[in-house]
Amino acid sequence: MLDLLVDGLSNGLQLSLIAVGMTVVHGIAGVLNLSHGEAVVVATVTASVLLSLGAPLPLALLVALCVTLPVGLAVWAITRSLSGFDERTRGVLGLVMTLGLALALHGSLVYLFPAANYSLVLGTLQLELGNFVVRSSSLVALALSAAALAFLYLVLGWTRFGRSVRATFQNRDLAEAMGIDVERIALMTVLLASFFAGLSGLIRGLTVPVEPSRGMELTVLSLVVSVAGGMRSIPGTAVAGLVLGLVNSFLAFFVGTYLTYLAVLLSAAILLRLTGAGRWTG
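Bear in mind that the values here come from a model prediction, so they are computed numbers and not experimental data.

Scoring rules and cut-offs
- Residues numbered from 1 in each chain as written.
- Predicted model: local features only at pLDDT ≥ 70, side-chain atom pairs only at ≥ 80, totals over all residues.
- Heavy atoms only, no water.
- Axes fitted to C-alpha atoms, helices over the stretch in contact; angles between N-to-C directions.
- Helix = DSSP H or I, 4+ residues; strand = E, 2+ residues; numbered from the N terminus.
- Left-handed = near helix turned anticlockwise from the far one by under 90°.
- Contact = heavy atoms within 4.5 Å.
- Nonpolar A, V, L, I, M, F, W, Y, C, P; charged D, E, K, R; others polar.
- pLDDT = per-residue confidence, 0-100.
- Patch = residues over 30% accessible without salt bridge, like charges linked within 9 Å, V, L, I, M, F, W, Y side chains within 5 Å.
- Areas by Shrake-Rupley, 256 points an atom, 1.4 Å probe, with all protein chains shown as cover.
- Salt bridge = Lys/Arg side-chain N within 4 Å of Asp/Glu carboxyl O.
- Buried < 20%, exposed > 50% of the residue type's maximum accessible area, 1.4 Å probe, protein only.
- Phe/Tyr/Trp six-rings, centres within 6.5 Å; stacked < 30°, edge-to-face > 60°.
- Arc of directions from axis to C-beta.
- Core = buried A, V, L, I, M, F, W, Y, C linked by side-chain atoms within 4.5 Å.

Points about the packing of helix H2 (residues 36-52) against helix H3 (residues 57-81)
Then step 1. With their axes 8 Å apart at the nearest point, H2 and H3 run at an angle of 145° to one another. Here H2 and H3 pass one another in a crossing that is right-handed. Taken together, the residues of H3 that come into contact with H2 (itself represented by Ala39, Val42, Ala43, Thr46, Ala47, Leu50 and Leu51) are Leu57, Ala60, Leu61, Val63, Ala64, Val67, Thr68 and Val71.
Then step 2. Per-class residue counts for the contact of H2 with H3 are 13 nonpolar, 2 polar and no charged.

Okay, here's the thing in structure tokens:
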């Protein structure tokens with residue numbers, strides 16, 4: 001059971017790391033980014049290709065993270081092109097345009113790199129904790145995900161940039177009136193979201209292979225987590241990711257994948273009911 005708990009926490013933190021990016025982009029730009037999961041796959045495909053060519057692991061991972069930034073720039077360009085529309089129109093057009101970007105990235109990656117499965121699973125190394133056995137890969141992924149989320153929390157909660165993000169997140173017009181360069185903050189936030197999405201994908205490869213076709217699935221999962229957390233709540237999104245990760249881990253073991261997805265959606269609906277969309281901000 002301990003191995004399921006560790007896997008669930010690890011998976012949940014990875015989902016939180018992806019979904020927080022979707023939440024902040026939605027809060028900053030008013031656009032629900034349906035290409036967010038593709039940033040994950042862009043990073044993993046890049047790392048896989050470079051490793052297959054014999055590149056050193058640190059270089060492959062660094063380049064993979066950098067390659068997520070053009071994806072963020074494309075999303076930012078979409079949000080900029082919609083700045084003159086009212087909120088409702090911007091939301092609808094944003095959905096359509098980011099979905100188009102997602103389909104373009106998805107089709108290109110699957111066509112060009114169909115065999116670029118990314119995996120850094122640490123062999124069969126296991127740790128014995130009393131009567132329980134836990135995979136070392138899961139513990140490393142758990143630690144890295146927790147460290148990345150903690151760093152993101154510090155950046156958003158304790159830096160001048162983070163204060164500007166929160167101000168823009170809560171009231172864009174008021175933030176602009178206070179002298180905050182909201183366009184620069186939006187650009188940096190979207191790039192940061194794409195970077196951490198890619199980082200989550202690289203961490204995810206420690207526990208399961210990440211295939212080029214997984215982008216859409218990861219977008220849907222991050223959307224479910226973000227909605228369950230209240231859509232405009234960073235801590236809510238993080239907590240929702242943990243809860244849904246644990247639900248997914250335990251139920252996938254006991255009842256299988258199909259019923260697990262139904263249970264995850266039900267859990268998301270319950271969390272949304274408890275938090276209320278947009279009420280739990282921070």
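Here's the deal with the confidence of the model for the protein chain
Then step 1. Per-residue confidence for the protein chain gives a mean pLDDT of 81; residues scoring 70 or more make up 81%.
Then step 2. Throughout residues 277-282 the model reports pLDDT below 50, and contacts reaching past four residues in sequence, or to other chains, amount to 15 contacts.

As for a nonpolar patch on the surface
Then step 1. Residues Val92, Leu95, Val96 and Met97 make up a contiguous nonpolar surface patch of about 310 Å² in total accessible area.
Then step 2. Take Leu95: it is sitting in helix H4 (residues 87-112).
Then step 3. What makes Leu95 partly exposed here is its relative accessible area of 32%.

Details of the packing of aromatic side chains
Then step 1. The final tally for this structure, using the stated rule, is 2 aromatic pairs.
Then step 2. Feature note: the residues Phe151, Phe195 and Phe196 constitute an aromatic cluster, connected by ring pairs.

Let's talk about the side chain of Arg90
Then step 1. Checked against the element boundaries, Arg90 lands in helix H4.
Then step 2. Among the residues examined, Arg90 registers a relative accessible area of 18% and is labelled buried.
Then step 3. With residues up to four places along the chain from it excluded, the contact list for Arg90 reads Ala29, Gly30, Val31, Leu82 and Phe85.

A look at helix H6 (residues 160-170)
Then step 1. Every buried residue of H6 is listed here: Phe161, Gly162, Ser164, Val165, Thr168 and Phe169. The arc that holds every buried residue of H6, seen down its axis, measures 160°, which confines them to one face. Facing away from the buried surface of H6 by more than 90 degrees, the exposed residues are Arg160 and Gln170.

A closer look at the nonpolar core
Then step 1. Of all hydrophobic cores here, the largest spans 40 residues; its most connected members are Leu17, Val165, Ile185, Phe196, Leu199, Leu202 and Ile203.
Then step 2. Looking at this core, the elements that each hand over two or more residues are helix H1 (2-29), H2, H3, helix H5 (136-158), H6 and helix H8 (182-204).
Then step 3. Counting residues per element, this core draws most heavily on H8, at 9 residues.
Then step 4. For Phe196, the residues in contact, after removing those within four places along its chain, are Leu17, Ala148, Phe151 and Leu152.
Then step 5. If you look at the next biggest cluster of nonpolar residues, it comprises 11 residues, including Val41, Val42, Ala116 and Ala197.

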